[in-house]
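Listed below, chain by chain, are the residues.
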Amino acid sequence: MKMTRRAFCAGLTLAPLARPVQAQDMPLLTARAATVQLAPDGYPATPVWSYDGTIPGPVIRAAQGSRLQRRLVNTLEVPTSVHWHGIRIDNAMDGVAGLTQNAVPPGESFHYAFDLPDAGTYWYHAHTNSMEQVARGLSGALIIEEATPPDVDRDEVLMIDDWLLDPDTGLFVDDFAAPMTRSHGGQIGNLVGVNGRYDYRLPARQNERLRLRLINSANAQIFGLKLEGLTGWTVALDGMPLDTPEPVTDTLVLAPAQRMDLIVDVTAEEGETAGLLFASADDTWRVLAEVSVEGRAASVPRGAPQPLPRNPGMEVTGIDSASVLEMPLQGGAMRGVESVTFNGQRLGWQELVQKGQFWALAGQAGLGETPFTTLSRGETARIRMTNDTIFPHAMHMHGMHFRVRKADGSLGPLRDTVLVMPNETTETAFVADNPGKWLLHCHMLGHAASGMTNWIMVT
Ligand SMILES: [Cu+2]
């Protein structure tokens, strides 16, 4: 309470003199402690860190081409900052503590304001000690709406997360930095849920058409998903429309931080099971979000949907003449790495482990003084990531989308986060058209905190 008031008073002192009138109406996004019921009824409630008191935070919706403004008010007892994941954003608003801004101390606030060039499904989350802060609940959906939305009956956000809870106390297992999980696959929860509920349920009518915006906000869990009682098409990945909607016929894979927009028709009869299922650790399919069918919206399902309108200026040209930058993904349990640079020192594997670091990108653990590469604005670059570890990594680039360049030279869809499997090589190609310092890191957040973070400079 004391801290809220301090932030509020600081705002009052400045507002009438230094800020335009509308700043008084600036919408707030308050990082604050709250208690929510994540576990099933009968289990204790969970103290969380939240945006505006809910898990996940509020769904922020804005129109493509508009400007988004939020004043982050930090009433937590730790510094924090907000990253607007997937937005082609002004670098100063990217929210990376230590690279693009200072973390916002307890009791203080930060004014985020940026343009929204692209429609699509994005999300926002803490980018200060994110391994702990995102796990404690600091994330929410960010939806940028097309001027002309697709022909659907409803637009639903499904934010998929997992939580590692002590069932006796309801508390998060307070070991976010455990070396065992950080050096392996990362922290996996013991409870999986959608929109803050382990039993998320979506009522629908037969032959109703839904747009489902899936977001994986988990720290490390890769979700295998499938549809039951629904006929669906993938229409966008990581916010960016596919040229042609792809029928969903198989398991969908959603790595940490990735998004997937589906258009689905509810084909199940009233009373039949329908919904989104996930492959659980014991190799059985379990319901992640139930679609309960009541009544009928139309007598027949609709045909394949039209593609979503493309976002502007996303062409990746000049790929053949672009130089290829090698970025081996290194380290981790059972493989290690011979030697890496950390804080300016060359360290062997044992020394690295003693410093709580387990991973490296191209021989560098954590952020160095110099970027992985410096690119001129407008230059096309290719980064070839070879996974020399025995774990998968969800590699995320800030500020710009890339295409995956396949072995035959063809290009995959636009993405901002790509899953690189063990012993696999994935080459990204992109036009460095957004100036600034951009993080390139693994979105298994425990990996990012222990070495798998680098940055690129666009001048
Ligand atoms: Cu990783």
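Counting of residues starts from 1 at the beginning of each chain's written sequence and follows it residue by residue. Owing to the predicted nature of the model, reporting of local features is limited to residues with pLDDT of at least 70; listing and counting of side-chain atom pairs is limited to 80 or more, with chain, interface and lining totals taken over all residues. Side-chain calculation: all heavy atoms of the structure are included, whereas hydrogens and water are not.

Visitor: Could you clarify how one ought to interpret the sheet that holds strand 6 (residues 109–115) in this entry?
Guide: Adjacent strands of a sheet form backbone hydrogen bonds with each other and so pair up, either parallel or antiparallel. The sheet built from 4 strands is open, its strands ordered 2-1-4-6 with mixed pairing. Two strands bound the open sheet, and with one partner strand each, they are strand 2 (46–51) and strand 6. Strand-to-strand twist across the sheet, computed as the mean angle between neighbouring axes with direction ignored, equals 25 degrees. Note that strand 4 (residues 67–74) and strand 6 share 7 bridges and pair antiparallel. Across the sheet, residue Arg-67 finds its bridge partner in strand 6, namely Asp-115. A pair of strands is labelled paired if DSSP reports no fewer than 2 bridges between them. Helix and strand definitions here come from DSSP, where helices need a minimum of 4 consecutive H or I residues and strands a minimum of 2 consecutive E residues; each element is numbered from the N-terminal end. Here an angle of 0 to 180 degrees is reported between the N-to-C directions of two axes, which are lines fitted to C-alpha atoms, with helices fitted over the stretch in contact.

Visitor: Hey, could you run me through the environment of Val-404 in this one?
Guide: Positionally, Val-404 belongs in strand 28 (residues 402–405). Exposure categories follow from relative accessible area, calculated using a 1.4 Å probe and restricted to protein chains: below 20% of the type maximum is buried, above 50% is exposed, and the middle band is partly exposed. Under the relative-accessibility criterion, Val-404 is labelled buried at 18%. Along the primary structure Val-404 and Ile-383 are separated by 21 residues, whereas in three dimensions their C-alpha atoms are 9.6 Å apart. Any two residues having at least one pair of non-hydrogen atoms within 4.5 Å are treated as being in contact. Sequence-distant contacts of Val-404, defined by excluding residues within four places in its chain, comprise Ser-410, Leu-411, Gly-412, Pro-413, Val-418, Thr-426, Glu-427 and Thr-428.

Visitor: Can you help me understand the packing of aromatic side chains in this one?
Guide: Each aromatic ring pair is described using two quantities: the centre-to-centre distance and the angle formed by the ring planes. Any Phe, Tyr or Trp ring, taking Trp's six-membered ring, that has another such ring centre within 6.5 Å forms a pair; planes under 30 degrees apart are called stacked, those over 60 apart edge-to-face, and the others tilted. This model, assessed by the stated rule, comprises 8 aromatic pairs. Aromatic side chains Phe-110 and Tyr-112 sit 4.6 Å apart centroid to centroid with 55 degrees between the ring planes, which places their arrangement in the tilted category. Three or more aromatic residues joined by ring pairs form one cluster here, namely Tyr-51, Trp-84, Phe-110, Tyr-112, Phe-114 and Tyr-124. Whether a charge sits over a ring comes down to the Lys NZ or Arg CZ being within 6 Å of the ring centre and within 35 degrees of the ring normal. In this structure, Arg-136 packs its charged tip against the face of Trp-49, placed 4.7 Å from the ring centre.

Visitor: Quick question: what am I supposed to make of the nonpolar core here?
Guide: Burial of nonpolar side chains together is a common tendency in soluble globular proteins. Working definition of a nonpolar core: buried Ala, Val, Leu, Ile, Met, Phe, Trp, Tyr and Cys residues. They are joined through side-chain atoms within 4.5 Å. By size, the foremost hydrophobic cluster in this structure holds 62 residues, and its most contacted members are Tyr-51, Trp-84, Ile-87, Phe-114, Leu-142 and Phe-430. When residues no more than four places from it in sequence are discounted, the contact partners of Trp-84 are Leu-29, Ile-60, Leu-68, Arg-70, Ile-89, Met-93, Asp-94, Tyr-112, Phe-114, Trp-123, Tyr-124 and Leu-142. Within the second largest apolar cluster, 32 residues are counted, among which are Tyr-200, Phe-223, Leu-254 and Val-266.

Visitor: Even after reading the chapter, I still don't get empty space enclosed by the protein, so can you show me in this structure?
Guide: Think of a ball as big as a water molecule: rolled over the atoms, this probe shows where empty space is left. Cavities and pockets are defined on a 1 Å grid built over the protein atoms alone: a cavity is a set of grid points where a 1.4 Å probe fits but cannot escape, while a pocket is an open set with protein on both sides within 12 Å along at least five of seven lines, and lining residues are those with an atom within 4 Å of any such point. Grid points are joined across faces, edges and corners, and a volume is the space filled by probe spheres set on the points. In total, this model carries 6 cavities of 30 Å³ or more according to the counting rule given. What the largest cavity holds in volume is close to 90 Å³. Taken together, Arg-88, Gly-313, Met-314, Glu-315, Val-316, Met-400, His-401, Val-431 and Asp-433 make up the full set of residues lining the largest cavity. Considering only residue class, the lining of the largest cavity consists of 4 nonpolar, 2 polar and 3 charged. Taken as a whole, the second largest cavity encloses approximately 60 Å³ of empty space. In terms of lining, the second largest cavity is formed by Ala-135, Asp-161, Asp-162, Trp-163, Leu-164, Phe-172, Phe-176, Gln-187, Gly-189 and Asn-219. Residues that form the lining of the second largest cavity fall into these classes: 5 nonpolar, 3 polar and 2 charged. Each residue gets one label: Ala, Val, Leu, Ile, Met, Phe, Trp, Tyr, Cys and Pro are nonpolar, Asp, Glu, Lys and Arg are charged, and the others, such as Gly, are polar.

Visitor: What should I look at first to understand the pairing of strand 22 (residues 345–348) in this one?
Guide: Walk down a regular strand and you will see the side chains alternate between the two sheet faces. As judged from the 4 bridges shared by strand 21 (residues 339–342) and strand 22, these two strands associate in the antiparallel manner. Within strand 22, the position partnered with Thr-341 by the bridge is Arg-346.

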